[in-house]
Amino acid sequence: MQLGESYHIYNHANGNENLFIEDKNYQFFLSKLAKYILPVCNIYAYCLMPNHFHLMVNIKSEAELIQLWQSSLTLPKLENKVSKCFANLFSCYTQSFNNLYNRMGSLFIPSMKTALIKDAQYFLKLVHYIHSNPVHHQFTKGIEDWKYSSYKIFLSNKETKIERDFVLKEFDGIEGFIKFHKQPIDLKIKTFE
């Protein structure tokens with residue numbers, strides 16, 4: 001992953017297992033996402049489902065990360081540190097999950113998938129895709145019914161760590177955001193398969 005770029009990041013549980021079994025699992029993952037990923041990424045959207053998750057993030061710039069780590073690391077070392085933050089998130093969550101449910105071994109498929117966000121239209125389709133994923137996988141009938149996504153955050157005025165203002169601006173405001181989310185999902189994009 002390159003600094004300053006935006007990505008779709010997704011991963012799945014090993015085999016037929018679930019990543020999230022009960023509400024507290026989702027909440028714990030979100031708390032660890034805030035701890036490990038928010039310092040190095042801006043989060044545009046997310047959706048957590050029982051057996052997989054989707055994130056849309058922007059990796060912070062070289063200058064921001066040098067300031068964060070108060071270091072003059074080279075670009076490759078900064079990129080490695082960002083990757084390590086994701087590894088720490090998955091490791092921490094897996095260890096806690098394994099301890100809680102008396103299981104052993106890896107929980108996630110070994111390497112997370114990433115797809116570079118290419119342009120503004122792709123950005124819009126990806127936010128929509130992420131929020132629509134629970135409907136697509138038949139976990140719920142409506143986007144607004146799934147409580148483990150960022151969708152409702154965009155309809156709220158509550159304080160958030162999600163880049164709500166930036167995302168809503170890309171949709172030309174809340175009305176555009178809602179209208180776009182009423183469209184069918186574009187499943188032709190290869191990274192979504």
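Everything in this summary refers to the structure shown in the same document.

Calculation criteria
Position numbers for residues start from 1 in each chain and track the written sequence from start to end. Where local features are concerned, this predicted model is filtered to residues with pLDDT of at least 70; where side-chain atom pairs are given and counted, the filter is 80 or more; whole-chain, interface and lining totals use all residues. In computing side-chain properties, one takes all heavy atoms of the structure into account and sets aside hydrogens as well as water. Between rings of Phe, Tyr and Trp, where Trp is taken as its six-membered ring, a pair exists when centres lie within 6.5 Å; planes separated by under 30 degrees are stacked, by over 60 edge-to-face, and by other angles tilted. Going along the chain from the N terminus, every DSSP run of H or I of four or more residues is numbered as a helix, and every run of E of two or more is numbered as a strand. Between buried and exposed lies partly exposed: a residue is buried under 20% and exposed over 50% of the maximum accessible area for its type, with that area taken using a 1.4 Å probe on protein chains only. Every residue pair with non-hydrogen atoms within 4.5 Å of one another is taken to be in contact. Helix span is expected to be 1.5 Å times the residue number reduced by one.

### Considering the packing of aromatic side chains
With the rule as written, the count across this model stands at 22 aromatic pairs. Aromatic pair phenylalanine 28 and tyrosine 93: ring centres 6.1 Å apart, planes at 35°, arrangement tilted. Taken together, the residues phenylalanine 28 in helix H1 (residues 23–36) and tyrosine 93 in helix H3 (residues 75–101) connect sequence positions 65 residues apart. On the basis of relative accessibility, which here comes to 26%, the residue phenylalanine 28 falls in the partly exposed class. Ring plane angle 45° and centroid distance 5.4 Å describe the contact between phenylalanine 29 and phenylalanine 53, whose orientation is recorded as tilted. Of this pair, phenylalanine 29 sits in helix H1 while phenylalanine 53 is found in strand E3 (residues 52–59), placing the two residues 24 residues apart along the sequence.

### Some thoughts on the environment of histidine 131
Following the sequence through the fold, histidine 131 ends up in helix H4 (residues 120–136). In this structure histidine 131 comes out as buried when scored by relative accessible area, which is 0%. Sequence separation between histidine 131 and alanine 45 is 86 residues; the distance between their C-alpha atoms is 7.8 Å. Sequence-distant contacts of histidine 131, defined by excluding residues within four places in its chain, comprise Ala45, Tyr46, Ile143, Ser149, Ser150, Tyr151, Phe154, Phe177 and His181.

### Remarks on H1
If you check H1, its first and last C-alpha atoms are 20 Å apart, about what 14 residues at 1.5 Å a residue would give, namely 20 Å. Residues of H1 that are buried in the fold lie against strand E2 (41–49), E3 and H3.

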